[in-house]
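# Summary of the model geometry
Chain by chain, the residues run as shown.
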Amino acid sequence: MIGLISATAAGAAARDRLAAAWPDRTRVYDGPVGDAVRRAFAECEQLVCFLATGAVVRLLAPLLGDKATDPGVVCVDEAGRFAVSLVGGHGGGANDLARAVGGLLGAEPVVTTATDAVGMPGLDTLGLPVEGDVAGVSRALLDGEPVALDAEVAWPLPPVPFAERGAYTVRVTDRAVEPGAREVLLRPPSLVVGVGASKGAPAEEVLDVVEEALRDAGLSARSVAELATVDAKAGEPGVLAAASRLGVPVVTYSAGELAAVEVPNPSGAPLAAVGTPSVAEAAALVRGGELLVPKRKSRRADGRPAMATCAVVRRPGRGRLAVVGLGPGARDLLTPRAQAELARASVLVGLDQYVDQIRDLLRPGTRILESGLGAEEERARTAVAEARRGQAVALIGSGDAGVYAMASPALAEASDDIDVVGVPGVTAALAAAALLGAPLGHDHVSISLSDLHTPWEVIERRVRAAAEADLVVTFYNPRSRGRDWQLPKALAILAGHREPSTPVGVVRNASRPDGSSRVTTLAGLDPATVDMMTVVTVGNTATRTVADRMVTPRGYRWQEGAR
């Protein structure tokens, strides 16, 4: 919960805007400001104070305890010009909160944490539990001192300028070890604990057998990613309570899935009870990995039969491939999610001209693998190969990467040994439509006229089908120096089903500074004015021009009366 505190009418107005935007995330604290701050500090994970920073500092000073547990605090000035991350920039999430508040209120976010200032990810912002000398190792990275990466467990990380050797170390490990001097431990979620439980198994018994297995194997509970079991136990209270205590989800599999897993210690008891010869080992191993702790039973002080079993598996770190759509070119049409993925990637793969568009958004140390036109399949293979090496990879494409772009060849190469994330982007068709008016207000289709990979006979059949179906058509790749006859042919097919006065929109470099757009007609369009940087949108029989804008009605009821 985010506590909101204000002292003046201007502050209350901004406070109320934030409360209206985030009704389920915020709570307004009224009354004397000092009391309000103290109550919010005790009850909320984060605070936004619409007060002077000096006043907030004095109010917070006696309340501050530990950076790991204190709430994040953002201070917004009376005029709403700045959203200052004051306390808990990383641990309390104040840096991200300042950016979010700034976006909603039109305020400039002010973030002064050293790593953010130089574009370096903080060690406590990598999404992994962290232990040790975070401040000292971070300072060494900022000062350019060599910091070694000791990855006992391979895990995809954002770009951090690690060295082969150094007086400081970042160790990625799931072992139960204490950090040394000048060392930070990162705990990857690499461990899966398979759990079997009899009906009514006490939560303490389930938790005890899990913690004992981890302790005996020298493994850290902070690296447990999930408890896995058979779906018949999905609602078992003891299993759910143990997972809650460990702070991890419960993942379930069908008895058939578990029965297909080869395990070292099958048993007739679970086979009779739930239909699989193994629950704990099979559930831990079903998605692969190394069995570190074979099935073990809980021990009961009263000597009665065990009611819980567990097994522990280390799954290898999976590489991550984010296929990112950059939009049509304008920076303000690049989504926040896309920007976050670009900052997260340790390896960027893309067409050279697209890399140039977003080079300034990459973190220092990002490895860039760029190539020219015509190397799409090579880029896709490269991105997948880097992800298979355990890297966090961003593969970029213009518009939406899934529309005539890189997602298709990349996913054709990718198997289930890597994680794949799709990041949507604003397509050229949508950017063009926004400039033209509302040409896509009813059913529409996009067709590429490039016959480099698709035979013209197939393209022509699709154009004819769109013409007969009276669909609005957006043509991608309409004309190049070597392909100058396809667009006239496609327009002629549409002309056989639509009036010469049918509106046609022509947009070049949509959203970019050198972009242009115009509305003409099916009879008036000169194909020679079109190139590969252009999209052409042809209206259907209901599309009309209103104030030089293309409009396709959502329905046809008013078509006759509008003519």
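The present account deals with the structure reproduced in this document. Remember, predicted model here, so these are calculated numbers, not experimental data.

### Points about the overall build of the protein
A count of helices and strands for the protein gives 19 helices and 28 strands. Counting only C-alpha atoms and orienting by the principal axes, one finds that the protein spans roughly 90 × 65 × 55 Å. The proportion of buried residues among the 563 residues of the protein is 47%. Split by element, the accessible area of the protein, about 26100 Å² in all, is 51% carbon and sulfur. Each charge class in the protein can be summarised by its mean position, and for the 58 positive and 66 negative side chains these summaries are 2 Å apart.

### Brief notes about the packing of helix 1 (residues 9-21) against helix 4 (residues 94-105)
Across the interface, helix 1 lies against helix 4 with an axial gap of 10 Å and an inter-helix angle of 105°. Between helix 1 and helix 4, the angle falls in the class roughly perpendicular. On the side of helix 1, the interface is formed by A14, R17, L18 and A21, while helix 4 contributes V101, L104 and L105. Each residue belonging to the contact of helix 1 with helix 4 can be placed in one class, and the counts come to six nonpolar, no polar and one charged.

### Quick look at the sheet that holds strand 25 (residues 516-521)
Here we have five strands laid out as an open sheet, ordered 22-23-26-24-25, and mixed in their pairing. Both outer strands of the open sheet, strand 22 (444-448) and strand 25, are each paired with one neighbouring strand and no more. Strand-to-strand twist in this sheet, taken as the mean axis angle between neighbours without regard to direction, amounts to 20°. Two strands pair when backbone bridges link them, and strand 23 (residues 472-476) and strand 26 (residues 534-538) are joined in this way by three bridges, in the antiparallel orientation. For V473, the partnering residue across the bridge sits in strand 26 and is V538. Those strands touched by helix 16 (residues 428-436) are strand 22, strand 23, strand 24 (503-508), strand 25 and strand 26, and its axis lies near 115° from that of strand 24. Docked against the sheet, helix 17 (residues 456-468) engages strand 22 and strand 23, running at close to 160° with respect to strand 22.

### Comments concerning the sheet that holds strand 27 (residues 544-546)
Sheet architecture is open: three strands sit in the order 21-28-27, paired in mixed fashion. Only two strands of the sheet have a single partner each, and these edge strands are strand 21 (437-438) and strand 27. Pairing of strand 27 with strand 28 (residues 549-551), which is carried by three bridges, proceeds in the antiparallel orientation. If you follow R544 over to strand 28, its bridge partner there is V551.

### Some points on the pattern of salt bridges
Pairs can form between side chains of opposite charge whenever their charged atoms are close. In total, this model carries 29 salt bridges according to the counting rule given. Residue E183 is joined to R171 by a salt bridge in which the shortest nitrogen-to-oxygen separation is 3.1 Å. One end of the pair, E183, is in strand 10 (residues 183-186); the other, R171, is in strand 9 (residues 168-172), and twelve residues separate them in sequence. Assessed through its relative accessible area of 10%, E183 is described here as buried. In this structure R171 comes out as buried when scored by relative accessible area, which is 12%. Across the pair R389 and E386 runs a salt bridge whose closest N-O atoms are separated by 2.9 Å.

### Regarding the side chain of R171
For R171, the side chain forms a polar contact with the side chain of E152, separated by 3.1 Å. Polar contacts involving the side chain of R171 include one to the side chain of E183, which spans 3.1 Å. Setting aside residues up to four positions removed in sequence, R171 forms contacts with D150, E152, V177, E178, E183, V184, L185 and L186.

The rules behind each value
Residues numbered from 1 in each chain as written. Predicted model: local features only at pLDDT ≥ 70, side-chain atom pairs only at ≥ 80, totals over all residues. Heavy atoms only, no water. Helix = DSSP H or I, 4+ residues; strand = E, 2+ residues; numbered from the N terminus. Buried < 20%, exposed > 50% of the residue type's maximum accessible area, 1.4 Å probe, protein only. Areas by Shrake-Rupley, 256 points an atom, 1.4 Å probe, with all protein chains shown as cover. Lys, Arg positive; Asp, Glu negative; His and termini not counted. Charge placed at Lys NZ, Arg CZ, Asp CG, Glu CD. Axes fitted to C-alpha atoms, helices over the stretch in contact; angles between N-to-C directions. Parallel < 35°, antiparallel > 145°, perpendicular 65-115°, else oblique. Contact = heavy atoms within 4.5 Å. Nonpolar A, V, L, I, M, F, W, Y, C, P; charged D, E, K, R; others polar. Pairing = 2+ DSSP bridges. Salt bridge = Lys/Arg side-chain N within 4 Å of Asp/Glu carboxyl O. Polar contact = N/O pair within 3.5 Å; in protein donor to acceptor, adjacent residues only side chain to side chain.

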